[in-house]
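What follows is each chain in one-letter form.
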Amino acid sequence: MEYTEFLEKAVSMVGAIMGNEFTVSIRQIIKTNGMRKAAVVIREKDRDNQIVPVIYLKSYFEMYRQGENMEECVMKITEDYREGIKGKKEAEGMHETASDWGRAREQVYPILLSISDNKEILKHLVYREFLDLAVCYMIRFDSHSSLKVSKDLCQLWGIREDELHYQAMENMKKDGYTVTGMEKMISELAPELAEPGFRKEPEDMYIVTNKEKWYGAAGILLDVHFLTYKFGAMNFYILPSSIHESILVPDKKKQSTEELNRMVQEVNREQVLPEERLADHAYYYDWDKGKIEIAS
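The rules behind the values
- Residues numbered from 1 in each chain as written.
- Predicted model: local features only at pLDDT ≥ 70, side-chain atom pairs only at ≥ 80, totals over all residues.
- Heavy atoms only, no water.
- Helix = DSSP H or I, 4+ residues; strand = E, 2+ residues; numbered from the N terminus.
- Contact = heavy atoms within 4.5 Å.
- Phe/Tyr/Trp six-rings, centres within 6.5 Å; stacked < 30°, edge-to-face > 60°.
- Buried < 20%, exposed > 50% of the residue type's maximum accessible area, 1.4 Å probe, protein only.
- Salt bridge = Lys/Arg side-chain N within 4 Å of Asp/Glu carboxyl O.
- Pairing = 2+ DSSP bridges.

(A) Geometry of the environment of Gly-181. Position of Gly-181 among the secondary structure elements: in strand S8 (residues 178–181). A C-alpha to C-alpha distance of 8.9 Å links Gly-181 and Lys-230, two positions 49 residues apart in sequence. Those residues in contact with Gly-181 that lie beyond four places of it in its chain are Glu-203, Met-205 and Tyr-206.

This is the structure:
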């Protein structure tokens, strides 16, 4: 059974289990970088403004492909829906927070997205351009839940977009950003992969991200003195590793822009999920100009 047929059959079977008091439908949810994910939405009839769980179906299809029968997959979907409904109070709390600027303002952070790959969702979001990237904003409820700030939400809050930007940047300063040498991070996360011995020379690559390692590529928006304190007043390349982190490479004339661009493209192709890619080329910070540019 192909994926499309699985979706149609899953909706029909879930609808039969839930009964006539519910509507069951498939929605194509637009994710970052234009990726679309099929989800089943189950709603009680005759109830407006319901907060319901959105259940993405790809993982259930994988269960089916690995040997689970259709009935077991469908039962798992309905069980997960009921578990999601049990967490309704938490969802309602998020909705209340998002609706009130006084509550949401301390949880708003900037994020970076590609402009060219997100044209559809950017029509609805508050953002400002930064080179070929969009500085968008999200409300972060916890390390797993967030909501991108739409134009409608900003209008509901009754605030100007520059006020939103200012607050997000202030919150960002307290978000635990670090500039960590690549080898040091590897030694901390995977000691078995680290090279033995003590490195006396400065490292060649530094990772910039926040404590949650979630949308941490926005760290390049921080004060440049924070970014360069590891290696002083010099030019450096910025490699967009993903939407979650950036890599700083001090310009020691060891590598060309073309080589670094190829590195970014190779990592994007082989190691980064399509919805988590940021850009397919490097950026460059020119110390004398005091600004970041697209590397050329």
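Still more to cover.
(B) Geometry of the packing of aromatic side chains. Taken as a whole and assessed by the stated rule, the structure comprises 10 aromatic pairs. Judged by centre distance (5.8 Å) and plane angle (45°), the ring pair of Phe-6 and Tyr-64 falls under tilted. Taken as a pair, Phe-6 in helix H1 (residues 3–18) and Tyr-64 in helix H2 (residues 58–65) lie far apart in primary sequence, 58 residues in all. For Phe-6, a relative accessible area of 0% corresponds to the buried category. A relative accessible area of 24% places Tyr-64 in the partly exposed class. Relative to Trp-157, the ring of Trp-101 lies with its centre 4.8 Å away and its plane at 45°, an arrangement referred to as tilted. In this pair, Trp-101 sits in helix H5 (residues 101–104) while Trp-157 sits in helix H7 (residues 151–157), placing the two residues 56 residues apart along the sequence.

(C) Here's a closer look at the pattern of salt bridges. According to the stated counting rule, one finds 13 salt bridges in the structure shown. Taking the shortest distance from any N to any O, the salt bridge between Arg-103 and Glu-96 comes out at 3.7 Å. Under the relative-accessibility criterion, Arg-103 is labelled partly exposed at 41%. Two residues, Asp-204 and Lys-252, come together in a salt bridge whose shortest N-O distance is 3.6 Å. Placement of Asp-204 in the loop between helix H9 (182–189) and strand S9 (206–209) and of Lys-252 in the loop between strand S11 (245–250) and helix H11 (257–271) is noted, with a sequence separation of 48 residues between them. Among the charged side chains, a salt-bridge network with shared partners connects Asp-204, Lys-252 and Lys-254.

(D) Representation of the pairing of strand S12 (residues 283–286). A two-sided burial pattern is seen for S12, the buried positions comprising Tyr-283 and Tyr-285 on one face and Tyr-284 and Asp-286 on the other. Summarising the sheet, strand S10 (residues 236–242) and S12 pair through three bridges and their orientation is antiparallel. Paired with Ile-238 across the bridge in S12 is Tyr-283. In terms of strand pairing, S12 meets strand S13 (residues 291–294) through four bridges, oriented antiparallel. Across the sheet, residue Tyr-284 finds its bridge partner in S13, namely Glu-293. Taking the residues that link successive antiparallel strands as the turn, the S12-S13 hairpin has four residues, and the phi of Gly-290 there is positive, at about 70°.

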